[in-house]
Amino acid sequence: MTTQSLAEYRLGPVDEIPVGEARAYAVGGEMVAVFRLRDGGLRAVSAVCPHAGGPLADGLADQRVVVCPLHQHAFDLRTGCSTTGAPPITVYPVRVDDDNTIIISGGLP
Amino acid sequence: MHTSKPSERERLVVVGNGMAGARTVEEILQRDPDRYAITMFGEEPHGNYNRIMLSNVLAGVEDEAGIFLNDLQWYADNGITLHAGCKVDKIDRKHKLVHADDGTQTPYDKLIIATGSTAFVPPITGVHRPGRGYHQGVFAFRTLDDTRNMIRYARDHERAVVIGGGLLGLEAARGLQQHVSHVTLIHAMGHLMNTQLDEPAGKTLQASVEKLGIEVICDGLTTEILGKHAVTGVKLKNGRVIDCDVVVLAAGIRANTELATTSGLSVEQGVVVDDQMRVAGETDIYAVGECAQHRGVTYGLVAPLWDQARVLADHITGRNLDAAYHGSQVATKLKVAGVDVAAMGLKEPELDTDETVTFAEPRRGVYQSLIIRDDRLVGATLVGDVRKVAFLMQAFDRGLPLPEERAGLLFDLGGPPAEVSAAEMADDAQVCNCNGVCKGDIVEAVQCGVKSVSGVMDKTRAGKGCGSCKGLVQQIVEWAAGGEVEEDPAASWYVPGVPMPKPELMEAIRTHGLKSVSSVFALLAPGGEEDAKSKMGLASLLKMMWGAEYDDERDARFINDRVHANIQRDGTFSVVPQMKGGVTTPAQLKRIAEVAEKHDVPMVKLTGGQRIDLLGVPKENLPQIWADLDMPSGWAYGKSFRTVKTCVGSDFCRFGVGDSTALGIAIEERYQGLEGPGKMKLAVTGCPRNCAEAYVKDLGVVAIEGGKWEIYVGGAAGAHVRKGDLLATVDSADEVLTLTGRFLQYYRENANWLERTYAFVPRIGIDVVRAIVVDDAEGIADRLDAAVAEHVATYRDPWQERSTPVTPGQFRSSLPLTVLPQVPVREPVAAAQEGRA
Ligand SMILES: Cc1cc2nc3c(=O)[nH]c(=O)nc-3n(C[C@H](O)[C@H](O)[C@H](O)COP(=O)(O)OP(=O)(O)OC[C@H]3O[C@@H](n4cnc5c(N)ncnc54)[C@H](O)[C@@H]3O)c2cc1C
Ligand code: SF4
Ligand code: SF4
Ligand code: FES
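Residues numbered from 1 in each chain as written. Chains lettered and ligands numbered in written order. Predicted model: local features only at pLDDT ≥ 70, side-chain atom pairs only at ≥ 80, totals over all residues. Heavy atoms only, no water.

- Labelled according to an unreviewed UniProt entry, chain B appears under the name assimilatory sulfite reductase (ferredoxin), originating from Krasilnikovia cinnamomea.
- According to UniProt, the comment filed for chain B under the heading Sequence similarities (unreviewed entry) is "Belongs to the nitrite and sulfite reductase 4Fe-4S domain family."
- Comment text from UniProt for chain B, heading Pathway (unreviewed entry), reads "Nitrogen metabolism; nitrate reduction (assimilation)." (UniProt positions renumbered as here; feature names shortened; annotations may be inferred.)

- As recorded in an unreviewed UniProt entry, chain A goes by Nitrite reductase (NADH) small subunit and comes from Krasilnikovia cinnamomea.

Some thoughts on the overall build of chain A
(1) Moving on: From N to C terminus, chain A includes zero helices and 10 strands.
(2) Moving on: Counting from the amino terminus, helix and strand elements in chain A follow one another as β-β-β-β-β-β-β-β-β-β.
(3) Moving on: Looking at chain A as a whole, 61% of its 109 residues are labelled buried.
(4) Moving on: Surface accessibility of chain A: about 3,900 Å² in total, with carbon and sulfur atoms responsible for 49%. (Helix = DSSP H or I, 4+ residues; strand = E, 2+ residues; numbered from the N terminus. Buried < 20%, exposed > 50% of the residue type's maximum accessible area, 1.4 Å probe, protein only. Areas by Shrake-Rupley, 256 points an atom, 1.4 Å probe, with all protein chains shown as cover.)

Describing the site of ligand 2
(1) Moving on: Close to ligand 2 lie B:Cys647, B:Val648, B:Gly649, B:Cys653, B:Phe655, B:Gly656, B:Thr685, B:Gly686, B:Cys687, B:Arg689, B:Asn690 and B:Cys691.
(2) Moving on: Looking at side-chain class alone, the shell around ligand 2 contains six nonpolar, five polar and one charged residues. (Near = heavy atom within 4 Å. Nonpolar A, V, L, I, M, F, W, Y, C, P; charged D, E, K, R; others polar.)

Re the packing of helix 11 (residues 439-447) of chain B against helix 12 (residues 453-460) of chain B
Residues and elements named next belong to chain B.
(1) Moving on: Between helix 11 and helix 12, the least distance of the axes is 10 Å, while the angle of their chain directions is 120 degrees. Classed by the angle they form, the pair helix 11 and helix 12 counts as oblique. Helix 12 is crossed by helix 11, and the crossing has right-handed handedness. Between helix 11, through Asp441, Ile442, Ala445 and Val446, and helix 12, the contact on the second element is made entirely by Val456, Lys459 and Thr460.
(2) Moving on: By residue class, the composition of the contact of helix 11 with helix 12 is four nonpolar, one polar and two charged. (Axes fitted to C-alpha atoms, helices over the stretch in contact; angles between N-to-C directions. Parallel < 35°, antiparallel > 145°, perpendicular 65-115°, else oblique. Left-handed = near helix turned anticlockwise from the far one by under 90°. Contact = heavy atoms within 4.5 Å.)

Topic: the environment of B:Ala692
All names here are of chain B.
(1) Moving on: Within the secondary structure, Ala692 is located in the loop between strand 37 (680-685) and strand 38 (699-704).
(2) Moving on: With relative accessibility at 1%, the residue Ala692 sits in the buried group.
(3) Moving on: Linking Ala692 and Val702, residues 10 residues apart in sequence, is a C-alpha distance of 9.3 Å.

Some details on the confidence of the model for chain A
(1) Moving on: Per-residue confidence for chain A gives a mean pLDDT of 87, with 90% of residues at or over 70.
(2) Moving on: The weakest mean pLDDT in chain A belongs to strand 1 (residues 8-13) of chain A at 90; the strongest belongs to strand 5 (residues 60-61) of chain A at 97. (pLDDT = per-residue confidence, 0-100.)

Quick look at the pattern of salt bridges
(1) Moving on: Summed over the entire model, instances satisfying the criterion amount to 49 salt bridges over all chains.
(2) Moving on: In this structure, the salt-bridge partner of B:Lys515 is B:Glu549, at a minimum N-O distance of 2.7 Å. With B:Lys515 in the loop between helix 15 (502-512) and helix 16 (517-524) and B:Glu549 in the loop between helix 17 (532-546) and helix 18 (559-563), the pair connects residues that are 34 residues apart, well separated along the chain.
(3) Moving on: In the salt-bridge network here, residues are joined through shared partners; they are A:Arg38, B:Glu530, B:Lys535, B:Glu553 and B:Asp555. (Salt bridge = Lys/Arg side-chain N within 4 Å of Asp/Glu carboxyl O.)

Written out as structure tokens, the structure is:
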């Protein structure tokens, strides 16, 4: 993972994302999908499926992977690697601050 | 066996992550998993995939995901360091290091070169554009990326020319037919596949290929690619010009020896190796696969690579230091562009005393020719009918004496069965030519306790290439298991993440009172782990079982069911208002037209289910469009009851004997939105002329003379075509309504996830279905009726969610891909704080 730039972005309150689902955010010039896992964890990955541009934030997810809604390629939410042979996606460090705001950092233009 | 710590192991570096490189590593791990610390380099940015299957990917019959042999997890699981997307550009033999283009230097104790081949580019003017690589619209057919690019480009173009009439060219031509309307194949030689086939065989193949709509030009030497910015055509030596906008080069391959040459290894046509696959003059460097030249021969098919991989693995792990490769008999059995072709040994007689036996049936596209020397088979060519190939291959490999009556080699003369039976086959007879699996390997897998066909296929890979040997694999498994073949257990699970067949799963859900998808995972999945791919199936099942009591967790729904519209390829959605029985009114039509205009709907289309589809609606506009339409949902998206198609029936049609329209509307009104394991499409037609196509629906109703109705179930006219089976003939529309509900409920309760009625009904058997649904043989009819009635009572139009979204951001866009970005743009914190201050 590259973290050339340490810029931080505040995306908004975490309860904007329903549990188990994801929402897409425009961060800098990138689209980022933030997943709120059922165990409360957060994951942030690039929102665009490298296979044919599918909207990953619309995909079904579990604790480990998201499945793209268009052709069912799956991606590990921690590593960005595809478990179905698609090219990998970018993952971004993400956390919640004291007022429950989603903060994403690193690697963004 | 070495049990050394990884850090103390010898270092093995493999350059080339293709079919030979990865296979060799697998063979090594099988023999001694702890011997080496392995590092692999692959120029392609992927894991290891089955190159043979690219033809299927191009033809659209196989998903990219389905062709991967080893995903990245495999490398991790086996402790292999993989540098994917990374080219090795030099081997420093003196210091035993490989230099890669990512700047790394990796030391090795042993090194394997498996760099494969590259496409051969004939000297044609205009193939390359200075500084740009291939001319726009010109493609090679070698890698997954080539295939992807070709598909992407071809989709928007019309006419393709394929240069090269060998195996690859034929496959490319066939595949391209999926994407363009016209394909021409240009071959420089006199007949197709001239290296493997004699002339009559090549001509027979040509006729079969032409029947598929591919234009074939033999003796055609391409000299120039025309077009300045994009391809406009190709020119042949005789001056003929063929218009086209896509060109695919499939004119052969050349061993990829660049790295070996730069590094000073011995290279002729390929990297020269000895019988242990060791590079000539080296002690610790080996080569396998298409890049290797053994006894003057380089091979361009996979079967020889498996032989090489086995020998190299035996040798390098010290398992069998005497292992030696003596070259491969090349016997090919392929499906080329849909035509069966097999070739082995000589293609034409060489000596005056060679005997040839030929049979030709041109109209059926069959040509067979055998070459026999001293009563032994030394060559065979089969096109169009390869039923006898298993026996011929054995006879060829082993030099078996042939029967007096030669015709017996090609035909069954009332004698032994067409195929060698599993019992008769020799242990080392190769069954799967794509993956190099022998009968013995299959038998061994069964003896090691794998007793299902799919399990054996996973373990040995037999049948996972072109698939032409699947039947034989099954026979061998059955024979080896002595009739104790097991069904793959996972194949019977309702969803992949919960190891239970549907009845057990329902039982467990009921016993524990599990009303949400997450509670099912927590209690019934191994380790309590969620599984994304199982969520939809469970959501559907729970909704069916609990009705209004179901705890509806929105993250378990597919996006279609979260926003009640059908996701399209560009991430927009399509909206279909209900139009019961296909009947509409001028007022409704006006409203739809106005809404379509107001929202600039890119396409308005009549669907196959007699409704109007508004295509290309962005997610965030859905609530407004529904509000403007103010009509109920037509359920065009879910695994659910969809529509009832009707004909005009007795109201207007002069043939009509029943009021199909009224009955269709009544059915749709009653069962709208019913979720199920698959979608349910229905139809009612007013007489057996069947204008509404009721015979090919999940449930179809046909009016017949005397006020009666016939009910058909299990029909289909989509990816599968099947005429439904007659369930019952009844006297009234009311009975149709009752039996329809009862059948649908029975299907909902008993079908596997995603199993449509066309598979479900034959699986259960129409007699059993009829006994239960019509004759109430199990005494459950009342319960089924009550269950479906309960659904009817709780029905609520999902489009009501437009005014009160159920989750935050339910309709927020996920895809501002084209016009970035439509969701609020966040600035970096610093900037944002300034803004606030
Ligand atoms: C479309 C198609 C259909 C085919 N159909 C059949 C068929 O039906 N039956 C059959 O028997 N055969 C078929 N073949 C041939 C078969 O795929 C090959 O024989 C086989 O893939 C060769 O394996 P290999 O490992 O030697 O080479 P490859 O599979 O080509 O692997 C070589 C790998 O090495 C990598 N590499 C090269 N140089 C470097 C470097 N310097 N550093 C790092 N990595 C490098 C390449 O990126 C490549 O991934 C087909 C081939 C194609 C293209
Ligand atoms: S099926 Fe029969 S009743 Fe219906 S439109 Fe056709 S001919 Fe008329
Ligand atoms: S009919 Fe089937 S294949 Fe054709 S566009 Fe619709 S969904 Fe796709
Ligand atoms: S676009 Fe994501 S799987 Fe095809």
